[in-house]
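Here are the chains, one letter per residue:
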Amino acid sequence: MNLRQQLAADLARKISGSTAGLESGHGCLMTDDRIFAFTRPDESAALKLPEVRIAELTADDEIRRLVMGKRTMREWVVIPNIAVPDNLSLLLEAKAYVASLPKEERRNKPAKKTAKTITKKATKSR
């Protein structure tokens, strides 16, 4: 188990009703098979929270929005030193937020096929 996975496992033990996902070298915290936080290499963690709450939190210079590649994630924020006891309340808040989301709001939906894509595939199969 690497450090990110260990951190996720330690945090999951502190949060009732959560589990640690430890696949492929990453460590994430889940509730009802949905990720509400994941650990990062620098002992910080990304948490899923409502945009309004993120705006409040990013007023602090240490807390920032999560950027993946060139994209700033709308509902994710990076919390430094996530293992600090004061940050437990933020983890609980993220868990409650993700648990409150209807399942249809999840982003794991298959991409919609356009008519152009379908036509290209039909042409190739002839």
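The preceding data block contains the structure.
Remember, it's a predicted structure, so these values are computed and weren't measured experimentally. The residue numbering used here restarts from 1 in each chain and proceeds along that chain's sequence as written. Restriction of local features to residues with pLDDT of at least 70 applies here, the model being predicted, together with a cutoff of 80 or more for giving and counting side-chain atom pairs; totals for whole chains, interfaces and linings are based on all residues. As a rule here, side-chain values come from all non-hydrogen atoms in the structure, and water together with hydrogens is ignored.

A short note on the sheet that holds strand β2 (residues 28–31)
Inference 1: Being paired, for any two strands, means DSSP has found at least two bridges between them. Starting at the N terminus, helices and strands are each numbered in turn, a helix being any DSSP run of H or I of at least four residues and a strand any DSSP run of E of at least two. Within the open sheet, the 6 strands sit side by side as β1-β2-β3-β4-β6-β5. Their pairing is antiparallel. In this open sheet, the two strands that pair with only one neighbour each are β1 (19–21) and β5 (64–68). Strand-to-strand twist across the sheet, computed as the mean angle between neighbouring axes with direction ignored, equals 40°.
Inference 2: Pairing of β5 with strand β6 (residues 71–79), which is carried by 4 bridges, proceeds in the antiparallel orientation. The residue bridging M68 from the neighbouring strand is R71, located in β6.
Inference 3: Pairs of residues are marked as contacts when any of their non-hydrogen atoms sit within 4.5 Å. Note on geometry: axes are C-alpha line fits, over the in-contact stretch for helices, and angles between N-to-C directions span 0 to 180 degrees. Seen against the sheet, helix α3 (residues 88–100) touches β2, β3 (34–39), β4 (45–48) and β6 and runs at an angle of roughly 150° to β3.

Some details on helix α1 (residues 3–14)
Inference 1: By this rule, a helix spans an expected 1.5 Å times one less than how many residues it contains. For α1, which comprises 12 residues, the first-to-last C-alpha distance of 17 Å matches the rise-based estimate of 16 Å (1.5 Å per residue) to within 8%.
Inference 2: Only protein chains enter the accessibility calculation, which uses a 1.4 Å probe. A residue is then buried if its area is under 20% of the maximum for its type, exposed if over 50%, and partly exposed in between. Along α1, the residues classified as buried are R4, Q5, L7, A8, A9, L11 and A12.
Inference 3: Elements in contact with the buried residues of α1: β1, β2, β3 and α3.
Inference 4: For α1, the side-chain oxygen to backbone nitrogen distance between the N-cap and R4 is 3.0 Å, and the N-cap itself is N2. Polar contacts, as used here, are pairs of N or O atoms within 3.5 Å; protein pairs need one atom able to donate a hydrogen and one able to accept it. Residues neighboring in sequence count only if both atoms are side-chain atoms.

Overview of unusual backbone geometry
Inference 1: Positive phi, close to 60°, is recorded for D33, a residue that is not glycine.
Inference 2: Structurally, D33 can be placed in the loop between β2 and β3.
Inference 3: When its relative accessible area of 61% is taken as the criterion, D33 is described as exposed.
Inference 4: Even without glycine at this site, N81 takes up a positive phi of about 45°.
Inference 5: Along the chain, N81 turns up in the loop between β6 and α3.

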